[in-house]
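# Coordinate analysis (summary)
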Amino acid sequence: MEHPENDSAYKGLQVNTGVGSQPIVNPYRKARRARPQLSVNDYVEGILKGDVSVLGRAVTLVESTAEAHQAIAQEVIEKCLPYSGKSRRIGITGVPGAGKSTSIDVFGLHVLRQGGRLAVLAIDPSSERTHGSILGDKTRMEKLSQEKDAFIRPSPSAGSLGGVARKTRETIVLCEAAGYDNIFVETVGVGQSETAVHSMVDFFLLIQLAGTGDELQGIKRGIMEMADGIVINKCDGDNVERAKLAASQFRNALFLFPPTPSKWKPEVITYSGYYELGIDLVWDMIDRYFDYVKQTGYFERKRNEQAKYWMIETIDEQLRSHFYNTPEVKALLEQKEMRVLNNEQSSFTAAKDVLDCYFRVLREEMK
């Protein structure tokens, strides 16, 4: 189309013809080469060398639901098992907003200054609607994420037992084989995730806040009985007295509970994660705990109990998955659900019919 400005009446003006439509894809951009596939031995060799890239890819395999990936992941885990078990596993929980990520950031730096290596397995809550996760833990752990001896792996909870499942324990094995001698497992802080984390760590740390209302709301029997140490965060500025008062209330509450299985008496300490005050006190408590349980032999007993627990949990998970993915069971389950909802059959007899169908299928498969 000719521009009117190019008419002779407009002296000194000229509009050039524009360029044509350009391709959407950059013609100068080089095609991205696919990463070479690694064998089981490649994964194991890379992990034992401490290669973070290979470790990250191995963890991705562990988290994958694809059968081919799971087969490789299980082989890698089996070969890494002899090199695992030499770390200190610490679970960290608390209500959302208690400062878990900030605390892990400063606790982790303290570990690194002492010459240790740290892996942080942060469980990010997934949306019940979209099943998506923000996975922003690296953003909240600004200092730690820049350290070469720190491996931070945020994982979506995906609705599995409050965010922690068998895959997290398998990831611990890989991280230990890679040479990380301190493992932090951060929970979502809601639901039953604390129970799952407690079954895979050596020390369970509960982070609490003061000055947010009735401190007694934070004294819940279940979580208090699991905690090996309680820390009151944000003990700084005008909140110091409130934090000390909350610590006193928690100490008094601990006297009401029966002795822990380890016979260790949980301690209550105040600190400030933001201002890095009292971090040494918290870590000294953790050191004392490990010295105590190793002297009494409780450390090894607990590790053995946890191994048995996760074997049973894995069996339960596999049986549940096989049951609900059996085509005959899925078809019959829909029919029985309708009969129960229409009051044509009781829930108990309907369940028995579905189970009988499942056992019949198993017998046929075994022939």
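In short, a report on the structure. (Residues numbered from 1 in each chain as written. Predicted model: local features only at pLDDT ≥ 70, side-chain atom pairs only at ≥ 80, totals over all residues. Heavy atoms only, no water.)

## Re the overall build of the protein chain
Worth spelling out the cut-off: Here a strand is any run of E in DSSP of at least two residues, a helix any run of H or I of at least four, and the numbering for each starts at the N terminus. Type-normalised accessible area, obtained with a 1.4 Å probe on protein chains alone, sets the label of each residue: buried when under 20%, exposed when over 50%, and partly exposed for intermediate values. Should any heavy atoms of two residues lie within 4.5 Å, those residues are counted as being in contact. To be clear on the numbers: accessible area is Shrake-Rupley with a 1.4 Å probe, and residue cover counts the displayed protein chains and nothing else.
Along its length, the protein chain carries 13 helices and seven strands. Here the protein chain holds 367 residues, and 43% of them are scored as buried. A separation threshold of at least 6 residues defines the contact pool for the protein chain, and within that pool the share at least 24 residues apart is 75%. Of the roughly 21,700 Å² that the protein chain leaves accessible, carbon and sulfur atoms contribute 54%.

## Focus: the packing of aromatic side chains
What counts, and what does not: Think of it this way: a Phe, Tyr or Trp ring, Trp meaning its six-membered ring, pairs with another when their centres are within 6.5 Å, and the plane angle makes it stacked under 30 degrees, edge-to-face over 60, tilted otherwise.
Enumeration over the complete set of coordinates arrives at 13 aromatic pairs. For the pair Phe 203 and Tyr 289, a centre-to-centre distance of 5.0 Å together with 70° between the ring planes defines the contact as edge-to-face. Placement of Phe 203 in strand 5 (residues 203–208) and of Tyr 289 in helix 10 (residues 279–296) is noted, with a sequence separation of 86 residues between them. Judged by centre distance (4.9 Å) and plane angle (90°), the ring pair of Phe 323 and Tyr 324 falls under edge-to-face.

## Let's talk about the pairing of strand 1 (residues 88–94)
As a reminder of what qualifies: Should DSSP find at least two bridges between two strands, the strands are regarded as paired.
Of all seven residues in strand 1, seven are buried; the element is thus mostly enclosed. Neither face of strand 1 is open: one carries Arg 88, Ile 90, Ile 92 and Gly 94, the other Arg 89, Gly 91 and Thr 93, and all of them are buried. Note that strand 1 and strand 5 share five bridges and pair parallel. From the neighbouring strand, Thr 93 faces strand 5, where its bridge partner is Leu 206.

## As for the nonpolar core
What counts, and what does not: To define a nonpolar core, start from buried Ala, Val, Leu, Ile, Met, Phe, Trp, Tyr and Cys residues and group those joined through side-chain atoms within 4.5 Å.
Of all hydrophobic cores here, the largest spans 48 residues; its most connected members are Ile 47, Leu 55, Leu 174, Met 224, Ile 230 and Ile 232. Excluding residues that lie within four positions of it along the chain, Ile 230 makes contacts with Leu 206, Gln 208, Met 224, Phe 250, Leu 254, Glu 267, Val 268 and Ile 269.

## Re the environment of Gly 237
Along the chain, Gly 237 turns up in the loop between strand 6 (229–232) and helix 9 (240–254). On a C-alpha basis, the gap between Gly 237 and Ser 272 in space is 9.8 Å, while along the polypeptide they are 35 residues apart.

## Description of a nonpolar patch on the surface
Selection rule: For patch detection, residues must exceed 30% relative accessible area and be free of salt bridges, and they are connected within 9 Å for like charges or within 5 Å for nonpolar side chains (Val, Leu, Ile, Met, Phe, Trp, Tyr). Here a salt bridge means any side-chain nitrogen of Lys or Arg lying within 4 Å of a carboxyl oxygen belonging to Asp or Glu.
Together, Met 311, Ile 312, Ile 315 and Leu 319 line one region of the surface with nonpolar side chains, adding up to about 380 Å² of accessible area. Looking at where Leu 319 falls in the secondary structure, it is placed in helix 11 (residues 298–324).

## Notes on the packing of helix 10 against helix 11
Threshold: Here an angle of 0 to 180 degrees is reported between the N-to-C directions of two axes, which are lines fitted to C-alpha atoms, with helices fitted over the stretch in contact. To sort the angles, those under 35 degrees are grouped as roughly parallel, those over 145 as roughly antiparallel, those from 65 to 115 as roughly perpendicular, and the leftovers as oblique. Residues were grouped as follows: Ala, Val, Leu, Ile, Met, Phe, Trp, Tyr, Cys and Pro as nonpolar; Asp, Glu, Lys and Arg as charged; and all remaining residues, including Gly, as polar.
At their nearest, the axes of helix 10 and helix 11 sit 5 Å apart, and the two run at 85° to each other. Our classification of the angle between helix 10 and helix 11 gives roughly perpendicular. Contact with helix 10, carried on its side by Tyr 289, Phe 290, Val 293, Lys 294 and Thr 296, involves Tyr 298, Phe 299, Arg 301 and Lys 302 of helix 11 and no other residues of that element. For the contact of helix 10 with helix 11, a count of residues per class yields five nonpolar, one polar and three charged.

## With respect to the packing of helix 4 (residues 100–113) against helix 10
What counts is decided by this rule: Note: crossing handedness is left-handed where the near helix turns anticlockwise from the far helix by less than a right angle, and right-handed where it turns clockwise.
In contact at an axis separation of 10 Å, helix 4 and helix 10 are set at 70° when each is read in the N-to-C sense. The orientation of helix 4 relative to helix 10 falls into the category roughly perpendicular. Both helix 4 and helix 10 take part in a crossing whose hand is right-handed. Contacts between helix 4 and helix 10 pair Val 106, Phe 107, His 110 and Val 111 from the former with Ile 279, Asp 280, Val 282 and Trp 283 from the latter. Along the lines of polarity and charge, the residues of the contact of helix 4 with helix 10 split into six nonpolar, one polar and one charged.

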